[in-house]
Amino acid sequence: MNKQVKKDVDIDAIERDVQGNILRSYSRHLVRHLMLEVTNVAAARRFLGVAANGGSEAVPAITPGSDWGKAKPPSNFNIGLTFEGLKALGVSRRTLQTFPVEFSQGMTKRAMKIGDFGDSAPDKWPAPFDTPEKVHIVASIHADEEGQLDKVEAQVAKAFTVLGVRDGRGLGRGKVFFGYKDSISQPRFKWVKDRTQATADEPLDPLGTILLGYPTSMEDMSFRVPYPDALGLNGSFNAFRILAQASYDYEIYLDEAADFLLKHKDVDLLLPPGAEKKVGKGLDRHAALREIVAAQMCGRWRNGTPYETSPDTMDPDPDVSPTNFDYSAQSRCPAGAHMRRANPRGGHIVQRIATYTRRLVRRGMSYGPDFDPDDFDRKNPDRRERGLLGNFLCANLGAQFEAVMCDWLNVGLQTPSITGTNDPLLGANTAETSRFDLTLPDNAGTISIYGFPRFVTARGGAYTFLPSLTAIRYLSEL
Ligand code: HEM
């Protein structure tokens, strides 16, 4: 470890104190989220004290952020507390008042800001998210075998009332529903080694982007640390989201968009005759147009290749870097693409000063039955619920998560050309009002496509505070 760094910031001590899965991902196959109510305060505090001090036969240990090297534990256990949870554990009013207002209001009261209306409205959420005041803790177990999840759940259930359980899993090859490879780009933090992001060349993010108590990328500014330091320092906030994905509707819309484009007068500008063979192996013209729409809507081809650096083919030769690119003035990646909205990088945008201040760490796994976008029954819609159990982590929910959701993903306050449109993948769209502008090569303009519904619907969630291990001990001793 670099001595100079250690003098100013003891990164080893920070990693030992921070909960795992914040600074690096666990890369496990399975997750189980338990929504818990504190019904026996003494039992809950006792459990938390033991969990923060390394666990016991009866209580799982909280996994810290330190790199476990080759000694991978059989499971990982972490907790996030809602504002109601802090109250239930006996945190004083004075201390509660030092938490940011969006957190104290909770996710359901912030619904309009984050696009949770219509079918996504909290009054349509199933239990236990229909009683948000009872959801005190979201405990997350990560493991590679189901038996490990069951074992930890049984231990937790002895100290808390389990209101609900949500299981997630990796779909394989890093994919999520809609068929995209995900979790490719994540912020990288100063001093933190993250092998999965080793090649990314975006600016390193200061620790204050994700942890409370450190400088942020805003000059001389950092977010307020809830009082006392024992509780606030090294904490982080999380937007836990259950996001249903209409996979069937998405694929059917790609069919319709390709039908429409085939008849469009400018189709040969978008896909010159014969170029479909270059787009991807074995694709005919219709299939290639489908993939172009999917790639432009996301900002990556579904196999993860960035559209910015490889706009003509999903299989560039030689390979292009999955993470090292920026949006140029001549970019063929639409300004309205999901990942360009979510992270405009160094691109020229209206709120330019905000570009790197809203970084989010994304951790998530899919839930629900399989759906194969290459092989599904077009005549019998399979609309069973499936989607993403997503965690969006940051130091401030208002300035980061909500600002991205509201200003950028919905509304599109990046460039006047997209202002007034929503993110095509997950925005609060309706078939009557939606629009997405596909970019044509050689600055030849755009082709607009319309009529797509909302593909992602919120089905539950909570704003949680991810306390440090010191803070969990503090809570256990209240
Ligand atoms: C079901 C919902 C969602 C799906 C299917 C989805 C899908 C994707 C995919 C396929 C990528 C590209 C892979 C990568 O670069 O890692 C991506 C990137 C990203 N998404 Fe999402 N996403 C979803 C929800 C969200 C939400 C709710 C947010 C923010 C509040 C978000 C923020 C981001 C960010 C920040 C990136 C990285 C962009 C970059 O750094 O270049 N996503 N998403």
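Residues numbered from 1 in each chain as written. Predicted model: local features only at pLDDT ≥ 70, side-chain atom pairs only at ≥ 80, totals over all residues.

Trainee: If you had to explain the overall build of the protein chain to someone new, which residues and values would you point to?
Mentor: Helix and strand content of the protein chain: 15 helices and ten strands. Taken over C-alpha atoms, the radius of gyration comes to 23 Å for the protein chain, in line with the 23 Å a tight globule of 478 residues would show. The C-alpha extent of the protein chain, read off along each of the three principal axes, is 70 × 55 × 40 Å. By the burial criterion, 48% of the 478 residues in the protein chain qualify as buried. (Helix = DSSP H or I, 4+ residues; strand = E, 2+ residues; numbered from the N terminus. Rg over C-alpha atoms; globule rule 2.2 N^0.38 Å. Buried ≥ 20, exposed ≤ 12 C-beta atoms within 10 Å, placed from the backbone.)

Trainee: Account for the site of the ligand, naming residues and giving values.
Mentor: Around the ligand there are 25 residues in total, and Tyr 180, Ile 184, Ser 185, Ala 342 and Asn 343 lie nearest to it. Contributions of two or more residues to the shell around the ligand are made by strand S5 (236–245), helix H13 (338–342), strand S7 (387–394) and helix H14 (397–409). Taken together, the residues of the shell around the ligand sort by class into 17 nonpolar, five polar and three charged. (Near = placed C-beta within 6 Å. Nonpolar A, V, L, I, M, F, W, Y, C, P; charged D, E, K, R; others polar.)

Trainee: How would you summarise the packing of helix H3 (residues 41–52) against helix H15 (residues 469–476) if you had to cite specific residues and measurements?
Mentor: Axis separation between H3 and H15 bottoms out at 8 Å; the angle between their running directions is 150°. With respect to H15, the axis of H3 lies roughly antiparallel. Crossing of H3 over H15 shows left-handed handedness. Contacts between H3 and H15 involve Arg 45, Leu 48, Gly 49, Ala 51 and Ala 52 on the former and, on the latter, Leu 469, Ile 472, Arg 473, Leu 475 and Ser 476. In the contact of H3 with H15, the residues fall into six nonpolar, two polar and two charged. (Axes fitted to C-alpha atoms, helices over the stretch in contact; angles between N-to-C directions. Parallel < 35°, antiparallel > 145°, perpendicular 65-115°, else oblique. Left-handed = near helix turned anticlockwise from the far one by under 90°. Contact = placed C-beta atoms within 7 Å.)

Trainee: Lay out the packing of helix H9 (residues 247–262) against helix H12 (residues 285–298) with the relevant residues and their values.
Mentor: Packing of H9 against H12 brings their axes to within 8 Å, and their N-to-C directions diverge by 115°. By the angle class used here, H9 and H12 are roughly perpendicular. The two elements H9 and H12 cross, and the hand of that crossing is right-handed. Along its contact with H9, which presents Leu 254, Asp 255, Ala 257, Ala 258, Leu 261 and Leu 262, the element H12 presents Arg 285, His 286, Leu 289, Arg 290, Val 293 and Ala 294. Tallied by class, the residues present in the contact of H9 with H12 amount to eight nonpolar, one polar and three charged.

Trainee: Explain the environment of Asp 259 to me, and be specific about the residues and the numbers.
Mentor: Relative to the helices and strands, Asp 259 is located in helix H9. Look at Asp 259 and you get exposed, because 12 C-beta atoms sit within 10 Å. Counting along the chain gives 195 residues from Asp 259 to Pro 64, while the straight-line C-alpha distance between them is 51 Å.

Trainee: Account for the confidence of the model for the protein chain, naming residues and giving values.
Mentor: It should be kept in mind that the predicted coordinates are not to be read in detail where pLDDT is low. For the protein chain, the average pLDDT comes to 95, and 98% of its residues sit at 70 or higher. In this model, residues 1–6 is a region of pLDDT below 50 whose contacts with residues beyond four sequence positions or in other chains number four contacts. (pLDDT = per-residue confidence, 0-100.)

Trainee: Explain unusual backbone geometry residue by residue, including any values.
Mentor: Comment: phi is negative for the bulk of residues other than glycine, and the bulk of peptide bonds are trans. The linkage connecting Tyr 227 with the following residue, Pro 228, adopts the cis geometry, with an omega of -10°. Here Asp 317 and Pro 318 are connected by a cis peptide whose omega angle stands at 0°. Secondary-structure assignment places Pro 318 in the loop between H12 and H13. If you check the backbone angles, Asp 220 has positive phi at about 55° while not being a glycine. As for its placement among the helices and strands, Asp 220 is situated in the loop between strand S4 (161–169) and helix H8 (229–232). Here the phi dihedral of Asn 443 falls at roughly 50°; this positive angle occurs in a residue that is not glycine. Assignment of secondary structure puts Asn 443 in the loop between strand S8 (435–439) and strand S9 (446–450).

Trainee: Lay out the environment of Phe 465 in plain terms, naming residues and giving numbers.
Mentor: Inspection of the secondary structure puts Phe 465 in strand S10 (residues 456–466). Expressed as a C-alpha distance, the spacing of Phe 465 and Arg 173, which sit 292 residues apart in the sequence, is 31 Å. With near-sequence residues (within four places) excluded, Phe 465 lies in contact with Gly 80, Leu 81, Phe 103, Gly 235 and Phe 237.

Trainee: Provide a residue-level description of helix H7 (residues 146–157), including the pertinent values.
Mentor: Between its terminal C-alpha atoms H7 stretches 16 Å, which fits the 16 Å expected from twelve residues at 1.5 Å a residue. Residues Gln 148, Leu 149, Val 152 and Val 156 constitute the buried set of H7. Each buried residue of H7 sits inside an arc of 100° when the element is viewed along its axis, so together they form one side. Away from its buried face, by an angle of more than 90 degrees, H7 presents the exposed residues Gly 147 and Ala 154. (Expected span 1.5 Å × (residues − 1). Arc of directions from axis to C-beta.)

Trainee: Provide a residue-level description of the pairing of strand S6 (residues 361–367), including the pertinent values.
Mentor: Taken across its seven residues, S6 has six buried, putting it largely inside the fold. Pairing of S6 with S7, which is carried by seven bridges, proceeds in the antiparallel orientation. Looking across to S7, one finds that Val 361 is bridged to Leu 393. (Pairing = 2+ DSSP bridges.)

Trainee: Summarise the pairing of strand S3 (residues 137–143); cite the residues concerned and give the values.
Mentor: The element S3 is largely enclosed, with a buried count of seven among its seven residues. Taken together, the seven bridges between strand S1 (residues 30–37) and S3 define a ladder with antiparallel strand orientation. Counted as the bridge partner of Leu 30 is Ala 143 from S3. Here strand S2 (residues 75–81) pairs with S3 via seven bridges, running antiparallel. Opposite Leu 81, over in S3, you have Ile 137 as the bridge partner.

Trainee: If you had to explain H3 to someone new, which residues and values would you point to?
Mentor: With twelve residues, H3 extends 16 Å from end C-alpha to end C-alpha; this agrees with the ideal 16 Å at 1.5 Å per step. Within the sequence span of H3, burial applies to Ala 44, Phe 47, Leu 48, Ala 51 and Ala 52. An end-on view of H3 places all buried positions within 120° of arc, on one side of the element. For H3, the elements touching its buried residues are S2 and H15. Looking at the residues trailing H3, positive phi occurs at Gly 54, about 105°.

Trainee: Lay out the environment of Gly 347 in plain terms, naming residues and giving numbers.
Mentor: Along the chain, Gly 347 turns up in the loop between H13 and S6. Separated by 226 residues in the primary sequence, Gly 347 and Ala 121 have C-alpha atoms spaced 33 Å apart. Apart from the residues lying within four places of it in its own chain, the contact partners of Gly 347 are Asp 326 and Tyr 327.

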